[in-house]
Structure formats: structure tokens, C-alpha cells
Amino acid sequence: MSKQDTKFERVLVGVDDSEDAQLAFRYAMHRCIKDESILIITSILESNGMNVYQALTTDYVHGERKELEAHLKEYRQAALDAGVKKVELMVAEGDPGETIVKDVIPSSDADLLVIGSVSKKGIRKYFGSQAAYMAKHSPISVMIIR
């Protein structure tokens, strides 16, 4: 089997509301339908975007997390409606690139990470790309969608 014919069994896609993330989600869905793979959708609750009061208020963090979980359920439904057979959801907290590489990938047992090239949030886009960090440090194959 050539490299181009490699089938990935567990495809992890990182989503936010950016256009690139939407493209990554669509690519991952189609890949999972074609290969009959499991789609794992993740989103990271960024604690660095909260002020001190919000970070210390468990009700605020809990509310933000619930909102993110509800949003991921919409992604799951879209994937199932498109024909993906099995979809898993994962929400984590922290810096997106680091959290996906150090926490989400190991606990999801994914063998391919699909991400957009630009993140919609934060000052981090000026100090280096989350996508570049994940591509450099990921223990699994990474597909960056532009």
C-alpha cells in the first residue's frame, strides 16, 4: 500500500468558528466517510482568553464549557447526517495547540489530526501559529487545511 492509500482509523479534527476550521471539519468528515473511520471532534476552551474573575468563577467556566459542548453536538449531528458512521466528542481546556498535542491526541488514540491553518482567536496568531506548533510536535500525522 502506498502512502497515498493509507487509511486512518481515528481522525481527530480541531474546530472553532473560523473558516479554516470549517474547511478542516468538512475534509475530516469526507475522509471518514470514504475510509469508514471514526471522527473525533475536539474544541479547546481557552483559559487565556478569560479575565481573572472569569477564570476563578466556576459558574462562568462551567457555562462556557456547556456552551462549547452544545456546539460540538451540532458538529456531531452534521457529521452523522453527512454519513459518518461513528463520531466522538472531546472538550479540553488550555492552550489549543499544546492541549491537543499533549492531552487530546493521547487520550483519543487518534492516528490523524486535521486542523485549519488559522485560528480565529487571540493574540497568539501574531506570535506563531497553533497549526505550526501542532505539526511540529504532534506524535501522529497532521493534515493542515488551507
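In short, a report on the structure. Every value quoted in this text rests on a predicted model; they were computed, and no experiment measured them.

In a regular helix each residue adds 1.5 Å, so 17 residues correspond to 24 Å; helix H1 (residues 19-35) covers 24 Å between its end C-alpha atoms and thus fits that length. Those residues of H1 not exposed but buried are Asp20, Ala21, Ala24, Phe25, Ala28, Met29, Arg31, Cys32 and Asp35. One or two positions beyond H1, positive phi appears at glutamate 36, with a value near 55°.

It is worth spelling out the pattern of salt bridges at this point. This model, assessed by the stated rule, comprises 8 salt bridges. The residue arginine 65 makes a salt bridge to glutamate 69 at a minimum N-O spacing of 3.3 Å. Here arginine 65 pairs with glutamate 69, and both are found in helix H3 (residues 58-82), just 4 residues apart, close to one helical turn. Given a relative accessible area of 25%, arginine 65 falls into the partly exposed group. For lysine 102, the salt bridge identified is with glutamate 98, shortest N-O distance 3.5 Å.

Here the focus is helix H4 (residues 96-108). Compared with the 18 Å implied by 1.5 Å per residue over 13 residues, the 15 Å span of H4 between its first and last C-alpha is markedly short. Inspection of H4 places Pro96, Gly97, Thr99, Ile100, Val101, Val104, Ile105 and Ser108 among the buried residues, and these make up the whole buried set. Elements in contact with the buried residues of H4: strand S1 (10-14), strand S2 (38-45), strand S3 (86-93), strand S4 (112-116) and helix H6 (130-137). Within two residues after H4, aspartate 109 carries a phi angle of roughly 60°, on the positive side.

This part is about the sheet that holds S1. Judged by pairing direction, the sheet is parallel, and its 5 strands sit side by side in the order S3-S2-S1-S4-S5 without closing on themselves. Of all the strands in the sheet, just S3 and strand S5 (141-145) have a single pairing partner and so form its edges. Neighbour to neighbour, the strand axes of the sheet diverge by 25° on average, direction disregarded. Bridging between S1 and S4 involves 3 bridges; their strand directions are parallel. Counterpart to leucine 12 in the pairing with S4 is leucine 113.

Turning to the nonpolar core, a few remarks are in order. Ranked by size, the top nonpolar core spans 22 residues in total, and within it Val13, Phe25, Leu39, Ile41 and Val114 carry the most contacts. Residue assignment for this core shows that the elements contributing at least two residues are S1, H1, S2, H3, S3 and S4. Take this core: its biggest share by element is 5 residues, from H1. With residues up to four places along the chain from it excluded, the contact list for leucine 39 reads Val11, Val13, Phe25, Ala28, Met29, Cys32, Ala79, Val84, Lys86, Val87 and Glu88. Among the nonpolar cores identified, the runner-up in size contains 14 residues, and Leu12, Ile100, Val104 and Ile140 belong to it.

The next subject is the environment of serine 37. With respect to the helices and strands, the residue serine 37 is situated in the loop between H1 and S2. Overall, the relative accessible area of 2% leaves serine 37 in the buried class. Taking the C-alpha atoms as reference points, serine 37 and glutamate 9, separated by 28 residues in sequence, lie 4.7 Å from one another. Look past the residues within four positions of serine 37 in its chain and what remains in contact with it is Phe8, Glu9, Val11, Arg31, Cys32, Val84 and Lys86. Engagement of the side chain of serine 37 in a polar contact is seen with the backbone oxygen of phenylalanine 8, the distance being 2.4 Å.

Each value, and the rule that gives it
Residues numbered from 1 in each chain as written. Predicted model: local features only at pLDDT ≥ 70, side-chain atom pairs only at ≥ 80, totals over all residues. Heavy atoms only, no water. Helix = DSSP H or I, 4+ residues; strand = E, 2+ residues; numbered from the N terminus. Expected span 1.5 Å × (residues − 1). Buried < 20%, exposed > 50% of the residue type's maximum accessible area, 1.4 Å probe, protein only. Salt bridge = Lys/Arg side-chain N within 4 Å of Asp/Glu carboxyl O. Contact = heavy atoms within 4.5 Å. Pairing = 2+ DSSP bridges. Axes fitted to C-alpha atoms, helices over the stretch in contact; angles between N-to-C directions. Core = buried A, V, L, I, M, F, W, Y, C linked by side-chain atoms within 4.5 Å. Polar contact = N/O pair within 3.5 Å; in protein donor to acceptor, adjacent residues only side chain to side chain.

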